[in-house]
Amino acid sequence: MPRFNFWAVVMILTWVLLFVLLFIPVGSVLVSSLFDQEGQLTGANYLQFLSEPRFHRAFLNTLVVGFGGLFGALLLGSIMAFCVSRFVIRGGKFVSLLAILALVSPPFIGAYSWIELFGAGGVVRGFLRDWGINMPPIYGVGGILIVFSLKFYPYVYLMVSGALGNVNRSLEEAAEGLGLTPWQRTMQISFPMVFPALTAGGLLALIHAIADFGTPRLLGRGYNVLATEAFTLYAAEVGSNMSMATTISVILILLSMVFVMLQRYMSRRNVYHGNMINKPIRIQLRGWRNVLAHAAVYLIGLCGAMPVIISVIYSFRKTNGPVFQDGFALQSYERILFNLGDVVRNSLTFSVAAVALIVVVGTVVGVLVARRTTFNTSLLDGAFMVPYVMPGIVIGIAFIAAFNTGPIVLTGTAAIIILSIFIRRLPYTVRTTASSLRQISPSMEEAAVSLGYSPFQAFLRITVPLIVPGIIAGGMLSFVTAINELSSSLVLYVGSTMTMPVRIYLLILDGDFGVAAALSTVLLLLSGCAVYLAFRFMGRNEQALL
Amino acid sequence: MSYLEIRNATKQFGAGFIALNGVSVAVERGEFFTLLGPSGCGKTTLLRSIAGFNDLTSGEIALDGSNLRIVPPHQRDIGMVFQDYAVFPHLTVFDNVAFGLKPRKVPAAEIKTRVTQALEAVRLGAMAERLPAAMSGGQQQRIGLARAMVINPRLLLMDEPLSNLDAKLRIELREEIRDIQKQVDIATIYVTHDQEEALAISDRICVMNAGRIEQVGTPQQIYGNPQTRFVAEFVGTLNVFSPGPALDGMLGQLGLTAPAGATWAVRPERLDLAARGGAPDSVAVLDGTVTKYTYLGREAQVQVETPAGLIVVQLANPGISATRSTGEAVAVLVPRDAPMAFGADGVRIGG
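Conventions and cut-offs
- Residues numbered from 1 in each chain as written.
- Chains lettered and ligands numbered in written order.
- Predicted model: local features only at pLDDT ≥ 70, side-chain atom pairs only at ≥ 80, totals over all residues.
- Helix = DSSP H or I, 4+ residues; strand = E, 2+ residues; numbered from the N terminus.
- Buried ≥ 20, exposed ≤ 12 C-beta atoms within 10 Å, placed from the backbone.
- Domains from an automatic or database assignment.
- Contact = placed C-beta atoms within 7 Å.
- Nonpolar A, V, L, I, M, F, W, Y, C, P; charged D, E, K, R; others polar.
- Expected span 1.5 Å × (residues − 1).
- Bend = angle between axes of the 7 residues up to and from the residue.
- pLDDT = per-residue confidence, 0-100.
- Pairing = 2+ DSSP bridges.
- Axes fitted to C-alpha atoms, helices over the stretch in contact; angles between N-to-C directions.
- Parallel < 35°, antiparallel > 145°, perpendicular 65-115°, else oblique.
- Left-handed = near helix turned anticlockwise from the far one by under 90°.
- Core = buried A, V, L, I, M, F, W, Y, C linked by C-beta atoms within 7 Å.

Student: Would you mind showing me how to read the overall build of chain B here?
Tutor: Scanning chain B for helices and strands turns up nine helices and 19 strands. Across its three principal axes, chain B shows a C-alpha extent of roughly 75 × 45 × 35 Å. When the 351 residues of chain B are sorted by exposure, 39% land in the buried category.

Student: Please explain the domain arrangement of chain B as it appears in this structure.
Tutor: A common way to express how large an interface is: the accessible area buried when the components associate. Residue and element names in this part refer to chain B. Domain annotation of chain B identifies domain 1 (4–234) and domain 2 (239–349). Taking the mean C-alpha position of each, domain 1 and domain 2 sit 39 Å from one another. Opposite the six residues of domain 1 that make contact, domain 2 presents seven residues. In the side of domain 1 that touches domain 2, the residues fall into three nonpolar, two polar and one charged.

Student: Looking at this structure, I do not really get helix α13 (residues 287–315) of chain A. What am I missing?
Tutor: Every α-helix winds through 3.6 residues per turn, so residues three or four apart in the chain are directed the same way. For α13(A), built from 29 residues, the straight-helix expectation of 42 Å at 1.5 Å per residue is met to within 8% by its first-to-last C-alpha distance of 40 Å. In the structure, α13(A) departs most strongly from a straight axis at Met306(A), where the bend amounts to approximately 50° and where the proline Pro307(A) lies between one and four residues downstream.

Student: Would you take a moment to explain the interface of chain B and chain A for this structure?
Tutor: Of the residues lining the interface, 18 residues belong to chain B; the matching set on chain A comes to 14 residues. Broken down by element, the residue count for the side of chain B that touches chain A peaks at three residues, all from strand β6 (residues 78–81) of chain B.

Student: I would appreciate a short explanation of the confidence of the model for chain B in the present structure.
Tutor: Regions with low pLDDT should not have their predicted coordinates read in detail. When pLDDT is averaged along chain B, the result is 92; 98% of the residues meet or exceed 70. Scoring of the predicted complex yields 0.77 for pTM and 0.85 for ipTM.

Student: Help me out: how do you make sense of the sheet that holds strand β13 (residues 272–274) of chain B in this one?
Tutor: The pairing of strands in a sheet comes from backbone hydrogen bonds and takes either a parallel or an antiparallel form. Residues and elements named next belong to chain B. Pairing is antiparallel across the open sheet formed by five strands, whose spatial order is β13-β17-β14-β15-β16. Of all the strands in the sheet, just β13 and β16 (309–316) have a single pairing partner and so form its edges. Adjacent strand axes in the sheet meet at a mean angle of 45° when their direction is disregarded. Strand direction decides the pairing type here: β13 and strand β17 (residues 329–335), joined by three bridges, are antiparallel. Each bridged residue has a counterpart across the sheet, and for Asp272 the counterpart in β17 is Leu333. Packing of helix α9 (residues 245–254) onto the sheet brings it into contact with β14 (283–295), β15 (299–306) and β17, and relative to β14 it is tilted by some 125°.

Student: Would you explain the confidence of the model for chain A in this entry?
Tutor: Summing up the model confidence of chain A, the mean pLDDT is 84 and the portion of residues at 70 or higher is 93%. When mean pLDDT is taken per element in chain A, helix α3 (residues 53–86) of chain A scores highest with 92 and helix α16 (residues 377–383) of chain A scores lowest with 69.

Student: Would you explain the packing of helix α4 (residues 137–149) of chain B against helix α5 (residues 167–184) of chain B in this entry?
Tutor: When two helices pack together, their arrangement is captured by the angle between the axes and the distance separating the axes. All names here are of chain B. Contact geometry for α4 and α5: axes closest at 12 Å, N-to-C directions at 15°. One finds that α4 runs roughly parallel with respect to α5. Read as a crossing pair, α4 and α5 show a hand that is right-handed. Facing α4, whose interface residues are Gly138, Gln141, Leu145 and Met149, α5 presents Leu169, Leu173, Ile177 and Val184. Across the contact of α4 with α5, the residue classes tally to six nonpolar, two polar and no charged.

Student: Looking at this structure, I do not really get the environment of Gly211(B). What am I missing?
Tutor: Residues and elements named next belong to chain B. The topology assignment puts Gly211 in the loop between β9 (204–209) and β10 (212–217). Judged by the 23 C-beta atoms lying within 10 Å of it, Gly211 is buried. The spacing of Gly211 and His193 is 18 residues in sequence and 14 Å in space, taken between C-alpha atoms.

Student: Before we go on, may I ask you to explain the packing of helix α11 (residues 226–235) of chain A against helix α12 (residues 242–266) of chain A in this structure?
Tutor: All names here are of chain A. Here α11 crosses α12 at 160°, and the two axes come no closer than 8 Å. Relative to α12, α11 is oriented roughly antiparallel. As α11 runs across α12, the sense of the crossing is left-handed. Only Met242, Met244, Ala245, Ile248, Ser249, Ile251 and Leu252 of α12 make contact with α11, whose side of the interface consists of Leu226, Ala227, Glu229, Ala230, Leu233 and Tyr234. Looking at the contact of α11 with α12, its residues break down into eleven nonpolar, one polar and one charged.

Student: Honestly, the nonpolar core in this entry has me stumped. Any pointers?
Tutor: The nonpolar side chains of soluble globular proteins are, as a tendency, buried together. One finds Val156(A), Ala230(A), Ile397(A) and Leu519(A) to be the most contacted residues of the largest nonpolar core, which totals 157 residues. Counting the residues that make up this core, at least three belong to each of domain 1 (1–30 + 316–546) and domain 2 (49–309) of chain A. Setting aside anything within four residues of it in sequence, one finds Val156(A) in contact with Ala73(A), Leu74(A), Gly77(A), Ser78(A), Ala81(A), Leu198(A), Gly201(A), Gly202(A) and Ala205(A). In this structure, Val93(B), Ile222(B), Ala284(B) and Val330(B) belong to the second largest nonpolar core, which totals 97 residues.

Student: I would appreciate a short explanation of the pairing of β10(B) in the present structure.
Tutor: Regular strands place their side chains on alternate faces of the sheet. Residues and elements named next belong to chain B. Here β9 pairs with β10 via five bridges, running antiparallel. Looking across to β10, one finds that Met208 is bridged to Ile213. As consecutive antiparallel partners, β9 and β10 are separated by two residues, and within that stretch Ala210 has a phi angle of approximately 50°, a positive value.

Student: How do you make sense of the domain arrangement of chain A when you look at a structure like this?
Tutor: All names here are of chain A. When its domains are assigned, chain A resolves into domain 1 (1–30 + 316–546) and domain 2 (49–309). Between the C-alpha centres of domain 1 and domain 2 there is a distance of 24 Å. The partner domain 2 presents 34 residues to the 30 residues of domain 1 that form the contact. Among the secondary structure elements, those contributing two or more residues to the side of domain 1 that touches domain 2 are α1 (2–33), α17 (392–403), α20 (455–484), α21 (487–492), α22 (500–510) and α23 (513–538). Examining the composition of the side of domain 1 that touches domain 2, we find that seven residues originate from one element, α23, more than from any other. Among the residues making up the side of domain 1 that touches domain 2, the classes are represented as 23 nonpolar, six polar and one charged.

Student: Explain the sheet that holds strand β19 (residues 348–349) of chain B to me, please; I cannot follow it from the model alone.
Tutor: Residue and element names in this part refer to chain B. Spatially, four strands are ordered β11-β12-β18-β19 in an open sheet, and the strand pairing comes out antiparallel. Edge positions in the open sheet fall to β11 (239–240) and β19, since each of these has one partner strand only. Bridge count for β11 against strand β12 (residues 263–266) is two bridges, and the pairing is antiparallel. In the sheet register, Val240 faces β12, and the bridge partner there is Ala265.

Okay, here's the thing in structure tokens:
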């Protein structure tokens with residue numbers, strides 16, 4: 001039968017794709033970590049990692065910022081989720097918007113804006129000094145943790161508020177009827193119900209904190225983590241040490257995998273499917289409690305969105321070269337227009353190309369996974385988890401290791417940047433397509449067949465229109481990730497393939513904050529449009545951003 | 001030759017499970033034919049084989065004299081109504097119903113009149129331009145019905161169309177389905193596990209069990225004259241007598257005989273109660289004591305402990321005076337033509 005052949009071909013192509021873009025790069029990283037600079041097979045890199053204090057520190061620091069970011073995000077995210085889903089908060093939609101802003105802005109913009117406010121020459125610090133209050137600058141581990149907490153809390157917030165909204169109120173009423181106090185009720189009924197969401201949101205925060213490269217680089221001031229070490233070793237002008245960089249990459253992958261396993265283990269028994277007959281209601285608080293709840297929610301929301309607000313304001317400030325002047329002007333935008341058009345163009349072309357690939361391949365493979373269960377699709381599902389645990393910097397290094405020499409040489413091309421984005425985002429699209437397909441009853445297509453449409457036509461006229469809005473929305477969200485990607489592009493770019501996030505990063509390093517802010521604002525505007533379109537197509541669904 | 005003929009239909013899933021085991025049925029033009037049985041009995045598999053959604057392992061299906069198995073499902077010209085409605089959520093009610101007319105190259109003006117007629121028939125005329133998502137289950141199934149009928153199919157298949165609806169609506173809609181089917185006169189195969197529904201709606205019923213046919217007949221034949229113990233128990237309820245001297249005595253009194261090893265049973269509504277000692281001559285009497293009385297409005301069920309086992313007696317129109325209390329001594333009256341005998345293989349003896 002011809003249909004069987006089509007899907008068999010898709011299956012084979014999928015495996016080829018995974019092999020070339022995933023297994024070869026990961027394999028190359030592994031292999032490279034096992035050879036020294038002279039090409040001798042050795043375990044010396046790992047021994048060096050174990051023996052050198054610098055790497056010990058980086059490893060410990062990674063754990064510190066990872067768990068620090070995790071707990072900060074859990075704290076802020078839980079407070080916000082609890083308040084928004086259980087109390088009447090004025091402007092609740094606005095608060096969610098603030099969380100989305102924090103989520104779609106590139107993390108290094110956060111670092112840079114907090115430097116503007118609380119750095120050595122920070123505005124707020126200067127202001128406070130005038131009042132006689134001397135506060136330390138934000139640099140170092142404290143600053144990183146603040147930025148991570150405020151950057152990653154939306155993961156927890158969106159996950160947990162979704163789960164809290166799904167706890168059947170009858171359960172809490174039943175507990176009340178059995179004589180539990182409100183506190184006991186929260187701890188013994190509601191908490192276990194949202195525990196899987198808490199761990200899932202926490203895991204996202206943790207993985208992103210470990211993978212983040214820009215924030216420790218800009219704010220750390222010598223505070224090294226594994227991601228910065230890997231990049232330094234790779235990018236050093238003198239004494240670039242690829243095999244050590246790959247060794248650290250392997251350790252980063254293993255670390256992320258351990259945390260993914262841990263999260264799965266922790267929430268293994270806690271998946272509840274409640275009926276939603278009795279939906280939770282929001283309580284109207286009175287007096288100081290009401291003020292406190294509002295203050296907490298708005299403080300977290302505004303602080304999280306602060307970087308965005310700051311970069312938008314600063315982008316309109318008058319500048320003289322890299323130095324800010326009093327007053328407002330469009331100079332920074334003029335400089336983008338005249339000098340940085342190619343960077344914007346690069347970002348747009350790469351992202352659009354990557355998203356187009358993601359949507360087409362992701363949809364076809366998603367159909368394969370959902371509808372052709374006879375194939376070994378669970379293995380495929382598992383393979384698609386791999387990019388999830390690979391930090392951007394590792395993907396970058398892995399692609400360099402795989403495609404620098406050998407049969408396929410891609411270094412320095414646009415293709416390598418597009419493909420690195422493609423492989424990281426593909427799993428998401430495959431999973432969402434497959435799950436939306438599984439929600440469409442097969443009898444829908446059968447009905448069309450019984451009415452006289454061939455199976456392929458039935459698929460085209462019934463199933464496709466039903467999943468297209470979701471696919472477009474997913475594509476828009478992939479675009480947001482693609483256009484904001486810094487760490488892998490930073491490893492993979494050459495002069496002619498520079499993207500906006502890379503340029504912003506370099507501008508901040510050069511101290512040219514005005515243009516950086518303007519470029520960030522452009523980036524934000526593009527992301528905002530994409531999120532808006534996504535919500536138009538699938539309804540307002542913040543959780544799809546995760 | 002019948003309109004639809006199925007001969008020796010066998011369907012095997014995987015290595016072990018046989019869903020259909022040599023099933024042969026024939027359906028006439030305009031007939032309302034119901035496949036009745038518990039879940040897993042093969043009724044849905046048979047229906048889906050007729051629709052073409054799964055192919056038989058072996059056997060023949062012929063519609064109007066031509067082999068149906070070689071025709072791909074979308075060219076079979078068979079309308080189907082689904083348990084989960086399968087209404088297209090992105091199309092309006094009108095477009096849903098018109099969907100099957102488009103590949104048939106029906107002119108636009110004719111589509112308009114035919115769809116409007118079909119929607120009137122299912123009483124959805126006022127809702128043509130609405131999207132089905134917000135509509136009730138009953139309304140969605142009406143769309144499904146109109147959509148399947150409007151193409152004037154050669155055969156109409158319904159796969160438990162009412163099982164997701166609530167009890168009142170189920171009765172209402174099954175009457176409508178019955179009326180519409182008689183009007184358009186399309187041979188219909190209807191799958192259900194609800195015996196009351198099957199009795200109410202069908203011209204003929206085919207009771208299936210474990211991939212085989214137990215009995216085919218009119219509702220009266222199926223209920224009143226079940227040919228196997230399975231049919232008797234699945235359609236209606238059944239008291240089974242425990243063997244022993246009490247049963248033998250009763251059979252002797254009635255002049256009934258059956259081969260050794262036969263099981264005797266009786267339907268509760270064929271029995272009556274009397275005060276002890278006061279029985280007419282033409283019926284056998286089992287003395288017993290009341291163990292439970294259940295009042296159901298238009299009937300009452302009295303559970304009586306007798307020497308021949310626990311027997312349920314159903315009393316029609318129970319008044320206040322019919323109320324029995326636990327422990328009360330009663331006589332169960334068994335008319336001569338009420339008991340049925342089944343052989344060890346479950347087949348009716350002398351039915």
